[in-house]
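Remarks on the overall topology
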Amino acid sequence: MNGDITRSQEWAALDKHYEELSGRHLRELFAEDRERAARMTLTAGDLFLDYAKHRVTGETLDLLVALAERAGLRERIDAMFRGDHINVSEDRAVLHTALRLPAGRALTVDGQDVTGDVHAVLDKMSAFSERVRSREWRGATGQPIATVVNIGIGGSDLGPAMAYEALRDYADAGIEARFVSNIDPADITGTLAGLDPATTLFVVSSKTFTTLETLTNARVARQWLVGALGEDAVARHFVAVSTNAAKVAEFGIDTDNMFGFWDWVGGRYSYDGAIGLSLMIAIGPERFREMLAGFHVVDEHFRTAPFDANMPVLMALLGIWYTDFFGAETRAVLPYSQRLHRFPAYLQQLTMESNGKSVRADGSPVGVQTGEIFWGEPGTNGQHAFYQLLHQGTRLVPADFIGFAEPHDDREGMHDLLTANLFAQTSALAFGRTAEEIAAEGTDPAIVPHKVMPGNRPTSTILAPKLTPSTLGQLVALYEHIVFVEGTIWGVDSFDQWGVELGKKMALDLAPALTSDEPPHDLADPSTEQLVRRYRELRGR
Ligand code: F6P
């Protein structure tokens, strides 16, 4: 829909429905509908979703689906997969779904053979990864590579770092991957600690190859290597992933050792392409391709399933329901998997850089809250930290619980205990415990109010058979498409990120003032000027 969806009949109908439903408790909704649990489930690939513990009825879902239709979601999905320039502010196609198209599925966009190009890069990555994994690729002293260090930030770091942690059990070539992103020198120092330059390969990952943090870290890494092995070693120890061949060459990396991608892949949507090179080296091209196949399963589900049976659509609409009608400010993502400990951080960039917008694609103000704040930690650690607020606090925090049936490694039935915790938490959050129930246990009446568990706290539970390359790809695609649907309803451009540009430019402008002898007179504001003076004093400048 063009214009303000909040003025639509569908939005008004949801407003009215909210008034009727918001006072009702999940205990009642379950009591009056015996089939609820069985009916409110969905499957996409290997992902099973239980959404019965949401504050919705069949009518809510019908109204939300009507809103999606009103927003023109079907046409938008088709436009994205077709390669229309739906990133309007940058006039670009949005084709991360093409990074996982099977070779046989032709796609030509703006005259480019997209599938052909994607597979050419995948093949080049595979060949290189195999050479490194098989120890054919040797460092400057003739030794094989033992550690791959990915240097990147944002989408050029979080994706491969998250996925490497998630898929550590598949890193079978004895090659460790490390990730450095922050311009804080502690990061590169810590990353290089204990490494042998002779067995270290750096993958400099940057879509633009102009990012200050990445180029600074890459220069430091280069000095470290050259200091130990000499200038000629660079060619055997540095490769690049970028869309910018000129800048890669300028940095001194042979463009034969560059792995490309295209402007229609956003940074935060890119680790299933060349940005995943460090991951591919660690887990191997075959496992990487299994991951891509997993992504594709959910892409196809998203593209073809009717909205009321479409997992990303449904989960996105629930996000809209809580954000814009219940006024929820955040969404917790709680993986019951230690391997997914970087997943919430990865989702923060994916979701918040995408939908943290306050104008619609046409430049007009959005008028409602957008951009859910994603956060989380693996269960059960979170239970012993912040779940108290989820259970008894004054805020409504909808949460996604993610679990796996089969562990990679079990000890003493620990995995069952982990999963029992997941199920217990969602049950306690939904149904709570009443004052009567607590009093009936003989609790001191003065303590009863403290023990009341209000319940009615909504959760999704996603259960998959096992954390594999394929299920990881499915999970990531699920959240990518949730972002897309929410962005469509809000009418924002989910694929630009102008909001991070100003701060980057100002840091570059400010940097000389921290070190120069000149008084920092011409700074933009007195508060910042004062901080610069103080910093210089503290540093004895
Ligand atoms: O933080 C802004 C951003 O442009 C992200 O969107 C991107 O993932 C990150 O910086 C890194 O950019 P690049 O890959 O160009 O170095």
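Residues numbered from 1 in each chain as written. Predicted model: local features only at pLDDT ≥ 70, side-chain atom pairs only at ≥ 80, totals over all residues. Heavy atoms only, no water.

**Notes on helix 14 (residues 311–325)**
Compared with an ideal rise of 1.5 Å per residue, which puts 15 residues at 21 Å, helix 14 spans 21 Å between its outermost C-alpha atoms and is within 8% of the ideal. Within helix 14, 15 of the 15 residues are buried, which leaves it mostly tucked inside the rest of the structure. Directly beyond the C-terminal end of helix 14, a positive phi value near 75 degrees is found at Gly327. (Helix = DSSP H or I, 4+ residues; strand = E, 2+ residues; numbered from the N terminus. Expected span 1.5 Å × (residues − 1). Buried < 20%, exposed > 50% of the residue type's maximum accessible area, 1.4 Å probe, protein only.)

**Notes on the sheet that holds strand 9 (residues 258–260)**
Hydrogen bonds along the backbone pair up the strands of a sheet, which may run parallel or antiparallel. A sheet is described by the order of its strands in space; here five strands give the open sequence 6-5-7-8-9, paired in parallel fashion. The sheet is open, and its two edges are formed by strand 6 (176–180) and strand 9, each paired on a single side. With strand direction ignored, the average angle separating the axes of adjacent strands in the sheet is 20 degrees. Examined bridge by bridge, strand 5 (residues 147–151) and strand 6 share five bridges and lie parallel to one another. In the strand pairing of strand 6, Val149 is matched with Arg178. Here helix 6 (residues 114–133) sits on the sheet and contacts strand 7 (200–205), strand 8 (238–242) and strand 9; the angle it forms with strand 9, its principal contact strand, is near 145 degrees. Contacting strand 5 and strand 6, helix 7 (residues 158–166) crosses the sheet at an angle of about 145 degrees to strand 6. (Pairing = 2+ DSSP bridges. Axes fitted to C-alpha atoms, helices over the stretch in contact; angles between N-to-C directions. Contact = heavy atoms within 4.5 Å.)

**What to know about unusual backbone geometry**
Residue Gly379 is joined to Thr380 through a cis peptide bond whose omega torsion reads 10 degrees. Look at Asp91: it is not a glycine, yet its phi comes out positive at around 50 degrees. Inspection of the secondary structure puts Asp91 in the loop between helix 5 (73–82) and strand 3 (108–109). Judged by relative accessible area, Asp91 falls into the exposed class, the value being 52%. Here Asp110, not a glycine, exhibits a phi torsion of approximately 50 degrees, which is positive. Its place among the elements puts Asp110 in the loop between strand 3 and strand 4 (112–113). A relative accessible area of 61% means that Asp110 is categorised as exposed.

**What to know about a nonpolar patch on the surface**
Together, Ile183, Leu212 and Leu508 give the surface a local cluster of nonpolar side chains, amounting to about 250 Å² of exposed area. Along the chain, Ile183 falls in the loop between strand 6 and helix 8 (185–192). Look at Ile183 and you get partly exposed, because its relative accessible area is 38%. (Patch = residues over 30% accessible without salt bridge, like charges linked within 9 Å, V, L, I, M, F, W, Y side chains within 5 Å. Areas by Shrake-Rupley, 256 points an atom, 1.4 Å probe, with all protein chains shown as cover. Salt bridge = Lys/Arg side-chain N within 4 Å of Asp/Glu carboxyl O.)

**Points about the UniProt feature "active site" (unreviewed entry) in the protein**
As recorded in UniProt, the feature "active site" (unreviewed entry) lies at Glu353, His384 and Lys504. In terms of the greatest pairwise C-alpha distance, the residues named above, spread along 152 residues, do not form a single cluster, extending to 36.9 Å across. Ignoring any residue separated from it by four or fewer positions in sequence, one finds Glu353 in contact with Arg268, Gln348, Asp496, Gln497 and Val500. Reaching out from Glu353, the side chain makes a polar contact with the side chain of Gln349 at a distance of 2.9 Å. Summarising the element assignment, Lys504 is placed in helix 21 (residues 501–515). (UniProt positions renumbered as here; feature names shortened; annotations may be inferred. Polar contact = N/O pair within 3.5 Å; in protein donor to acceptor, adjacent residues only side chain to side chain.)

**Examining the packing of aromatic side chains**
Going through the model one piece at a time under the given rule, you end up with 28 aromatic pairs. Between Trp262 and Trp264, the aromatic rings sit 4.9 Å apart at their centres with planes inclined by 10 degrees, giving stacked as the arrangement. Exposure remark for Trp262: the relative accessible area of 16% places this residue in the buried category. Judged by centre distance (5.4 Å) and plane angle (45 degrees), the ring pair of Phe386 and Tyr387 falls under tilted. Neither residue differs from the other here; Phe386 and Tyr387 are each classed as buried. Connected via pairs of aromatic rings, a cluster forms that spans Trp11, Tyr18, Trp321, Tyr322, Phe325 and Phe326. (Phe/Tyr/Trp six-rings, centres within 6.5 Å; stacked < 30°, edge-to-face > 60°.)

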